[in-house]
Amino acid sequence: MAVVERVLGLLREVPEVPDLGAGYLNLLGPADEPAPTVAQRAMQSAFLPQIYEKVWRPIGFNVAKGWPFGPDTAQENDLARRRLGLGRPGDLAKPAATVLDVACGPGNVTRALAAGTGEDGLVVGIDASVSMLRRAVEDTHDKHVGYVRGNARDLPFRDGVFDAVSCFGALYLFDDPWAAVDSMTRVLRPGGHLVILTTRAPRLPLAGQALTSASQLTGIRLFGHDEVAAALRARGFKGIRLRPYPLMQFVSAQLPAR
Ligand SMILES: C[S@@+](CC[C@H](N)C(=O)[O-])C[C@H]1O[C@@H](n2cnc3c(N)ncnc32)[C@H](O)[C@@H]1O
């Protein structure tokens, strides 16, 4: 079955005439919604997707993860695949998992997760930005990856259809991150795995103040050390593991199997 049909099969409501003209399933209007913050405006620009994966992300994220002591992108991807119950790129047999990558941007994490799923697996990247998705489609040549334009706040998928859900480098941009976490929880099957990589407010008072001002200016939210883990605990997740970095945190958890 073609990837498009498999993605359509996961939807809560299938459009009568699916809009697939841009190479992804577009469930939002023709253009981006007005961006409420500086950071969100950057995500909609035509320029950022061109430098995002090779320049912006490695520099910004590696610094925030405490380079050279924190994990680089390859190590981060490796950890994500492990925590999501996926295989390693070189494995002969990999799980045929159905995976959702929330706020996939240009598809960098989506492709890394696809490298850990078998031929019968399906990895869906969802994002709201037209320019990010255009780049994701251009750079992805994998027949078990599909992209959707939709909002993380209210994911358009049926309950419990994903074995694994990731949300990297984006929770801090959402206007309502907890609605997005509710939505991710809803689409995950019992026993399914979730990983979130997001910001973490430093505990140093001076740095904390400077970053709080920067956060207010840009619209990038800084989460407290235990805030995300507590939100997952409150939603019934088990096996919560938190890896703190200087300005980021990697949180993984599993829904109880029924
Ligand atoms: C910094 S990129 C992250 C890309 C990738 N996940 C990574 O870890 O490198 C953040 C993405 O979040 C997307 N985004 C922000 N708010 C969103 C929302 N409400 N729904 C879906 N995507 C959203 C932006 O369009 C942008 O592509």
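Nothing here was measured: the structure is a model prediction, and the numbers come from that model.

(A) Local environment of the site of the ligand. In the vicinity of the ligand, 21 residues are found, and the nearest of them are Tyr52, Arg57, Asn108, Asp127 and Phe168. In the model, a nitrogen atom of the ligand is placed 3.0 Å from a nitrogen or oxygen of the glutamine 40 side chain. Between the ligand and the protein, one listed contact pairs an oxygen atom with a side-chain N or O atom of tyrosine 52 at 2.5 Å. Relative to its unbound accessible surface of 610 Å², the ligand loses 97% to contact with the protein. When residues of the shell around the ligand are traced back to their parent elements, those giving at least two are α2 (38–44), α3 (48–64) and α5 (108–114). In the shell around the ligand, the residues fall into twelve nonpolar, seven polar and two charged.

(B) How the structure looks around the nonpolar core. Counting residues in each nonpolar core, the largest one holds 70 residues, and the members touching the most others are Leu100, Val102, Phe157, Phe174 and Met184. Those residues in contact with leucine 100, other than ones at most four positions away along the chain, are Val124, Ile126, Leu155, Phe157, Phe162, Ala164, Val165, Ser166 and Val187.

(C) Structural context of the confidence of the model for the protein. On average, residues of the protein score 95 in pLDDT, and 99% of them are at 70 or above. Mean pLDDT values over the elements of the protein span from 79, in helix α8 (residues 205–218), up to 99, in strand β2 (residues 98–102).

(D) Quick peek at the environment of histidine 225. Note on placement: histidine 225 falls in the loop between α8 and α9 (227–234). The class of histidine 225 is partly exposed, set by a relative accessible area of 25%. Considering only alpha carbons, one finds histidine 225 and aspartate 163, 62 residues apart in sequence, at a separation of 27 Å. Those residues in contact with histidine 225, other than ones at most four positions away along the chain, are Arg200, Arg203, Leu242, Pro244 and Gln249. Side-chain polar atoms of histidine 225 contact the side chain of arginine 200, separated by 3.0 Å.

Calculation rules
Residues numbered from 1 in each chain as written. Predicted model: local features only at pLDDT ≥ 70, side-chain atom pairs only at ≥ 80, totals over all residues. Heavy atoms only, no water. Near = heavy atom within 4 Å. Polar contact = N/O pair within 3.5 Å; in protein donor to acceptor, adjacent residues only side chain to side chain. Areas by Shrake-Rupley, 256 points an atom, 1.4 Å probe, with all protein chains shown as cover. Helix = DSSP H or I, 4+ residues; strand = E, 2+ residues; numbered from the N terminus. Nonpolar A, V, L, I, M, F, W, Y, C, P; charged D, E, K, R; others polar. Core = buried A, V, L, I, M, F, W, Y, C linked by side-chain atoms within 4.5 Å. Buried < 20%, exposed > 50% of the residue type's maximum accessible area, 1.4 Å probe, protein only. Contact = heavy atoms within 4.5 Å. pLDDT = per-residue confidence, 0-100.

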